Amino acid sequence: MAGGRAEGYQSRQAELSGWPVRISSWRLAERWRCEVDNVDPGAVIARAEGTTREAAETAACEKAAARLARTRTF
Amino acid sequence: MGSYAHPEMLVETEWVAGRLDDRNLRLVEVDVDTGSYDSGHLPGAIAWNWTTQLCDTLRRDILPKDAFEMLMAESGIGNDTTVVLYGDNNNWFAAWALWQMKIYGHKDVRLMNGGRKKWLAEGRELTDEVPAVPARSYAASAPDAALRAMMPEVQGLMGSASMVDVRSPDEFTGKILAPPGLPETCQRGGHIPAAKNIPWGQACNEDGTFKSFDELKSLYEGKGIRGDVPVIAYCRIGERSSHTWFALKYLLGYPDVRNYDGSWTEWGNMVGAPVERGA
């Protein structure tokens with residue numbers, strides 16, 4: 001990609017490993033990109049790319065769930 | 001309806017889109033996720049990595065003056081350059097960079113309202129090309145200590161300043177030691193006694209832009225933060241609180257707002273420091 005525009009930008013909230021997350025995905029050139037953040041404060045904790053939105057989101061969510069599962073509560 | 005105290009500190013995405021070829025404008029992306037820039041950024045924008053370029057990498061501190069001057073010069077920024085900062089997560093680290101630029105006296109630095117998220121959502125132009133920028137000379141001012149709170153000042157102002165803890169309620173109460181999915185960086189959970197919990201994101205609309213003057217005034221005044229005494233904002237490492245610092249200082253116009261960048265990673269690790277838990 002030299003230049004282009006993000007297309008199909010979507011963002012929604014869900015829950016992974018018991019924590020709220022926001023899943024954002026969009027297509028840039030031929031690749032779908034996905035970022036998962038932890039809503040509050042909103043730090044991106046996983047990102048992935050794929051040939052479809054579903055593939056990118058699935059890969060990012062798997063990474064995010066693994067990281068979130070390590071969060072301790074007191 | 002009131003208006004921002006310093007509306008010139010914010011620019012809209014449309015304003016930026018119309019000035020991508022402006023040679024006296026330097027666009028700089030500063031992300032929490034330092035890989036975001038490589039996945040597509042605003043045409044002509046350069047990037048600063050907050051983990052290596054916006055801090056002293058030996059001791060824990062902001063950039064020393066000479067390193068700041070070098071960063072500006074290498075970024076093609078002169079003292080007269082208009083700098084527009086933007087980034088992911090509603091401009092978290094863009095605000096952190098702006099705070100440092102104001103500490104060193106840069107005159108014209110602004111945030112792109114809504115940041116990277118809004119630009120993406122609007123389907124605006126992106127590129128993966130990294131521009132070559134001509135170096136400039138840059139002379140920073142002596143650091144403005146009034147914009148920053150160091151730990152002894154925070155201790156000294158307990159009881160007389162307004163402390164704003166901008167972390168999430170779970171961090172504030174001590175339920176968690178770090179935001180979900182991020183490394184734990186403190187020994188104790190909780191907050192500075194008497195601090196008010198106003199999570200930074202409450203200052204934002206869903207599209208990442210700042211709420212209106214009236215909404216911000218209601219949000220902070222509703223928690224007793226009126227700006228009639230010094231205000232100290234803190235979070236975990238000082239970046240979320242930069243965002244709140246920006247809102248309080250430039251959008252509401254409070255006269256004495258300081259960012260305590262030592263934040264909870266300092267306070268929550270300090271032997272003997274008073275800590276409150278719970279809401």
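It should be noted that the structure appears before, not after, this text.
Predicted, not measured: the structure shown is a model, and the values here were computed from it.

Focus: the overall build of chain A
Part 1 of the argument: On a plain count of helices and strands, chain A comes out with one helix and five strands.
Part 2 of the argument: Put simply, chain A runs from its N terminus to its C terminus through helices and strands in the order β-β-β-β-β-α.
Part 3 of the argument: Each principal axis of the C-alpha distribution contributes one length, and for chain A these read about 45 × 20 × 20 Å.
Part 4 of the argument: Burial status across chain A gives 41% buried among its 74 residues.
Part 5 of the argument: By sequence separation, contacts in chain A at least 24 residues apart represent 28% of the contacts at least 6 residues apart.

Side note on the environment of Lys-211 of chain B
Residues and elements named next belong to chain B.
Part 1 of the argument: In this structure, Lys-211 sits in the loop between strand 8 (196-197) and helix 7 (213-221).
Part 2 of the argument: Sequence separation between Lys-211 and Leu-251 is 40 residues; the distance between their C-alpha atoms is 9.6 Å.
Part 3 of the argument: Among residues more than four places away in sequence, those in contact with Lys-211 are Ala-203, Cys-204, Asn-205 and Leu-216.

Points about the nonpolar core
Residues and elements named next belong to chain B.
Part 1 of the argument: If you look at the biggest cluster of nonpolar residues, it comprises 91 residues, and the most contacted ones within it are Leu-85, Ala-94, Ala-97, Leu-98 and Ala-233.
Part 2 of the argument: Looking at this core, the element that brings in the most residues is helix 3 (residues 88-103), giving 10 residues.
Part 3 of the argument: Among residues more than four places away in sequence, those in contact with Ala-94 are Val-30, Leu-85, Tyr-86, Gly-87, Leu-111 and Gly-115.

What about the interface of chain B and chain A?
Part 1 of the argument: Counting from both sides, the interface comprises 31 residues of chain B and, opposite them, 27 residues of chain A.
Part 2 of the argument: Taken together, the elements giving at least two residues each to the side of chain B that touches chain A come down to helix 3, helix 4 (115-121) and strand 6 (125-127) of chain B.
Part 3 of the argument: Of the residues in the side of chain B that touches chain A, the class split is 11 nonpolar, 12 polar and eight charged.

Details of the pairing of strand 2 (residues 25-29) of chain B
All names here are of chain B.
Part 1 of the argument: Within strand 2, four of the five residues are buried, which leaves the element mostly enclosed by the surrounding structure.
Part 2 of the argument: Judged from the five bridges that link them, strand 2 and strand 4 (residues 82-86) form a sheet pairing that is parallel. By the bridge assignment, Arg-26 is partnered in strand 4 with Val-83.
Part 3 of the argument: Bridge count for strand 2 against strand 3 (residues 46-47) is two bridges, and the pairing is parallel. Within strand 3, the position partnered with Glu-29 by the bridge is Ala-47.

So, the pairing of strand 7 (residues 162-165) of chain B
Residues and elements named next belong to chain B.
Part 1 of the argument: Alternating positions in strand 7 separate into two faces, Ser-162 and Val-164 on one and Met-163 and Asp-165 on the other, with burial throughout.
Part 2 of the argument: Sheet topology note: the strand 7/strand 9 (residues 231-234) ladder contains four bridges and is parallel. Each residue of the ladder has a partner; that of Ser-162, found in strand 9, is Val-231.

Section: unusual backbone geometry
Part 1 of the argument: With omega at 20°, the peptide bond leading from Asp-40 of chain A into Pro-41 of chain A counts as cis.
Part 2 of the argument: With respect to the helices and strands, the residue Pro-41 of chain A is situated in the loop between strand 4 (31-37) and strand 5 (44-50).
Part 3 of the argument: In this model, Ala-29 of chain A sits at a positive phi of 55°, which is unusual for a non-glycine residue.
Part 4 of the argument: Position of Ala-29 of chain A among the secondary structure elements: in the loop between strand 3 (19-28) and strand 4.
Part 5 of the argument: Unlike most non-glycine residues, Ala-194 of chain B shows phi in positive territory, near 75°.

Some words on the sheet that holds strand 3 of chain A
All names here are of chain A.
Part 1 of the argument: Sheet architecture is open: four strands sit in the order 2-3-4-5, paired in antiparallel fashion. Only two strands of the sheet have a single partner each, and these edge strands are strand 2 (7-16) and strand 5. For this sheet, the mean inter-axis angle between neighbouring strands, taken without regard to orientation, is 15°.
Part 2 of the argument: Relative to the sheet, helix 1 (residues 53-68) contacts strand 2, strand 3, strand 4 and strand 5, its axis offset from that of strand 5 by approximately 150°.

Digging into the sheet that holds strand 7 of chain B
Part 1 of the argument: Judged by pairing direction, the sheet is parallel, and its four strands sit side by side in the order 8-7-9-10 (chain B) without closing on themselves. Across the chains shown, the open sheet's two edge strands, defined by having one partner strand only, are strand 8 and strand 10 (257-259) of chain B.

The rules behind these values
- Residues numbered from 1 in each chain as written.
- Chains lettered and ligands numbered in written order.
- Predicted model: local features only at pLDDT ≥ 70, side-chain atom pairs only at ≥ 80, totals over all residues.
- Helix = DSSP H or I, 4+ residues; strand = E, 2+ residues; numbered from the N terminus.
- Buried ≥ 20, exposed ≤ 12 C-beta atoms within 10 Å, placed from the backbone.
- Contact = placed C-beta atoms within 7 Å.
- Core = buried A, V, L, I, M, F, W, Y, C linked by C-beta atoms within 7 Å.
- Nonpolar A, V, L, I, M, F, W, Y, C, P; charged D, E, K, R; others polar.
- Pairing = 2+ DSSP bridges.
- Axes fitted to C-alpha atoms, helices over the stretch in contact; angles between N-to-C directions.

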